[in-house]
Amino acid sequence: MELVRTINHLRAQIAHWREAGDRIALVPTMGALHAGHIALVGAALAVADKVVVSLFVNPTQFAPHEDLARYPRDEAGDLGKLGGAGAHLVWAPPVSEMYPEGYATHIVVEGAALPLEGVFRPHHFGGVATVVCKLLSAAMPDVALFGEKDYQQLAVIRQMVRDLTLPVLIQGVPTVREPDGLALSSRNAYLSDDERYIAPMLHKAISEVARGRDPREAADALLTVGFSKVDYLEVCDAETLAPYVAGSERPGRVLAAAWLGKTRLIDNVGF
Ligand code: PAF
């Protein structure tokens, strides 16, 4: 498995594979890899000949008060995991490669980016869309894979790719969970033992709502078991993320974000 830092090196290796007729998959990540990321690599290997994984903690998707500085980083550990998973190339650019001096272009997505996270982290999806567009234009993969754990992010990326007619297939991969239901996330590393014990209640609450429980009741139950704040717990149309119309035949999604001490957890389930 090769490690490259620059867009030129990335493109040279991919051009070489393309000459051989290979189909290329990109798995964009921010590192601190866990089994959820490894499942993305596995899904990528099933649909492509060569799998590129990007490791880049993207500063533009964090607000100044958010956890950019303490976001977990472990490049050596990540490389070991990716080698074992069968990735072919790791691209780990420095910030200066992605946002060089004088960088001045940002992508604004509306539609699926506006509700939920869009209300609580208004800067976030602009940063995600900008960096994903840059990752896609650097690698120009046939397919890019993203976890359903960040379901709204997946919807925003699909919207951007559709709206900008980018020639790439976006594939969602189901959330990987701990045996007690907690969705794997790099931010789970922030949880204390007590918080880790309470954390799976988030998945339990949204699963109950997917089966018909009132969302406000489920949000109150989270506060009762020890969550400090529920940013949202909503039932949405699975594609547009607009509020779900009761009695609709369309697929729905229950999405939630809630705080356990200083850690903000998000999760979602479909119905
Ligand atoms: O989901 C993530 O890890 C990030 O938001 C992504 C898609 C790699 C963009 O920085």
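One can find the structure itself at the top, above this paragraph.
For the structure given in this document, a descriptive report is provided here. (Residues numbered from 1 in each chain as written. Predicted model: local features only at pLDDT ≥ 70, side-chain atom pairs only at ≥ 80, totals over all residues. Heavy atoms only, no water.)

**Regarding the overall build of the protein**
Going by this rule: Secondary structure elements follow DSSP: runs of H or I of four or more residues count as helices, runs of E of two or more count as strands, with numbering from the N terminus. When we talk radius of gyration, it's over C-alpha atoms, and the globule rule is simply 2.2 Å times the number of residues to the 0.38. For the exposure calls, accessible area comes from a 1.4 Å probe over protein chains only, and a residue counts as buried if that area is under 20% of its type's maximum, exposed if over 50%, partly exposed in between.
Across its full length, the protein carries 10 helices and nine strands. Scaling as 2.2 N^0.38, a compact globule of 271 residues should have a C-alpha radius of gyration of about 18 Å, and the protein matches this with 19 Å. By principal-axis analysis of the C-alpha atoms, the protein measures approximately 55 × 40 × 40 Å. Looking at the 271 residues of the protein, the share that counts as buried comes to 52%.

**Focus: the sheet that holds strand β7 (residues 229-237)**
Basically, it comes down to this: In this description, strands pair whenever DSSP reports at least two bridges between them. Note on method: axes are straight lines fitted to C-alpha atoms, helices fitted across the in-contact stretch only, with angles between N-to-C directions ranging 0 to 180 degrees.
Ordered by their spatial adjacency, three strands build an open sheet running β7-β8-β9, and the pairing between neighbours is antiparallel. Edge positions in the sheet fall to β7 and β9 (263-270), since each has one partner strand and no second. Strand-to-strand, the axes of this sheet are offset by a mean angle of 10 degrees, without reference to chain direction.

**Some remarks on empty space enclosed by the protein**
Note the cut-off: The rule is simple: put a 1 Å grid over the protein atoms alone, call a set of points where a 1.4 Å probe fits but cannot get out a cavity, call an open set with protein on both sides within 12 Å along at least five of seven lines a pocket, and count a residue as lining if it has an atom within 4 Å of a point. Grid points are joined across faces, edges and corners, and a volume is the space filled by probe spheres set on the points. Each residue is assigned to one of three groups, with Ala, Val, Leu, Ile, Met, Phe, Trp, Tyr, Cys and Pro labelled nonpolar, Asp, Glu, Lys and Arg labelled charged, and all others, Gly among them, labelled polar.
Within the structure shown, the criterion is met by one cavity of 30 Å³ or more. Its boundaries defined by the atoms lining it, the largest cavity holds a volume of some 60 Å³. Along its surface, the largest cavity is lined by 13 residues, and Leu182, Ala183, Leu202, Leu265 and Ile266 are the ones closest to its centre. Secondary structure elements with two or more residues in the lining of the largest cavity: α9 (201-210) and β9. Sort the elements by how many residues they give to the lining of the largest cavity and β9 lands first, with three residues. Taken together, the residues of the lining of the largest cavity break down into seven nonpolar, four polar and two charged.

**Remarks on the layout of surface pockets**
Considering only enclosed or pocket space, the second largest pocket measures out at about 200 Å³ in volume. If you go around the second largest pocket, you meet 17 residues; those closest to its centre are Leu55, Phe56, Val57, Arg73 and Glu75. A class-by-class count of the residues in the lining of the second largest pocket yields 11 nonpolar, one polar and five charged.

**Digging into the packing of helix α2 (residues 35-47) against helix α3 (residues 75-85)**
Here is the rule we go by: Here a crossing is taken to be left-handed if its near helix is turned anticlockwise relative to the far helix by less than a right angle, and right-handed if that turn runs clockwise. In this analysis, two residues are considered to be in contact whenever any of their non-hydrogen atoms come within 4.5 Å of each other.
With their axes 10 Å apart at the nearest point, α2 and α3 run at an angle of 35 degrees to one another. Crossing of α2 over α3 shows right-handed handedness. The residues of α3 that touch α2, namely those facing Ile38, Val41 and Leu45, are Lys81, Leu82 and Ala85. Here the residues of the contact of α2 with α3 are counted per class, giving five nonpolar, no polar and one charged.

**Re the pairing of β9**
On any regular strand, side chains alternate: one points to one face of the sheet, the next to the other face. Extensive coverage of β9 is indicated by the burial of seven of its eight residues. In this sheet, β9 lies alongside strand β8 (residues 252-260) in antiparallel orientation, the contact comprising eight bridges. When the sheet's bridge partners are listed, Trp259 is paired in β9 with Arg264. Linkage of β8 to β9, two consecutive antiparallel strands, is achieved through a turn of two residues, within which Gly261 is found at a positive phi near 60 degrees.

**So, the site of the ligand**
The criterion, for reference: To be near a molecule or strand, a residue needs just one of its heavy atoms within 4 Å of it. For this analysis, a polar contact is any N or O atom pair within 3.5 Å, provided that within protein one partner can donate a hydrogen and the other can accept it, and provided that sequence-adjacent residues contribute only side-chain to side-chain pairs. Note that accessible areas follow from Shrake-Rupley with a 1.4 Å probe, and for residues the cover is restricted to the protein chains shown.
Lining the immediate surroundings of the ligand are Pro28, Thr29, Met30, Asn58, Gln61, Val131, Val132, Phe146, Asp150 and Gln153. Here an oxygen atom of the ligand sits 2.7 Å away from a polar atom, N or O, in the side chain of Gln61. Side-chain polar atom of Gln153 to an oxygen atom of the ligand: 2.7 Å apart, as the coordinates give it. Here the ligand has 290 Å² of accessible area as a free molecule, and 89% of this is covered by the chains.

**Here's the deal with the sheet that holds strand β6 (residues 169-173)**
Strand order in the open sheet formed by six strands is β1-β4-β3-β2-β5-β6, with parallel pairing between adjacent strands. The open sheet has two free edges, formed respectively by β1 (2-4) and β6, since each of these has just one partner strand. When strand polarity is set aside, the average angle formed by the axes of neighbouring strands in this sheet is 25 degrees. Bridge count for strand β2 (residues 24-29) against strand β5 (residues 143-147) is two bridges, and the pairing is parallel. In the strand pairing of β5, Leu26 is matched with Ala144. Contacts from helix α6 (residues 124-139) reach β2, β3 (50-55), β4 (89-91) and β5 within the one sheet, and its direction differs from that of β2 by about 150 degrees.

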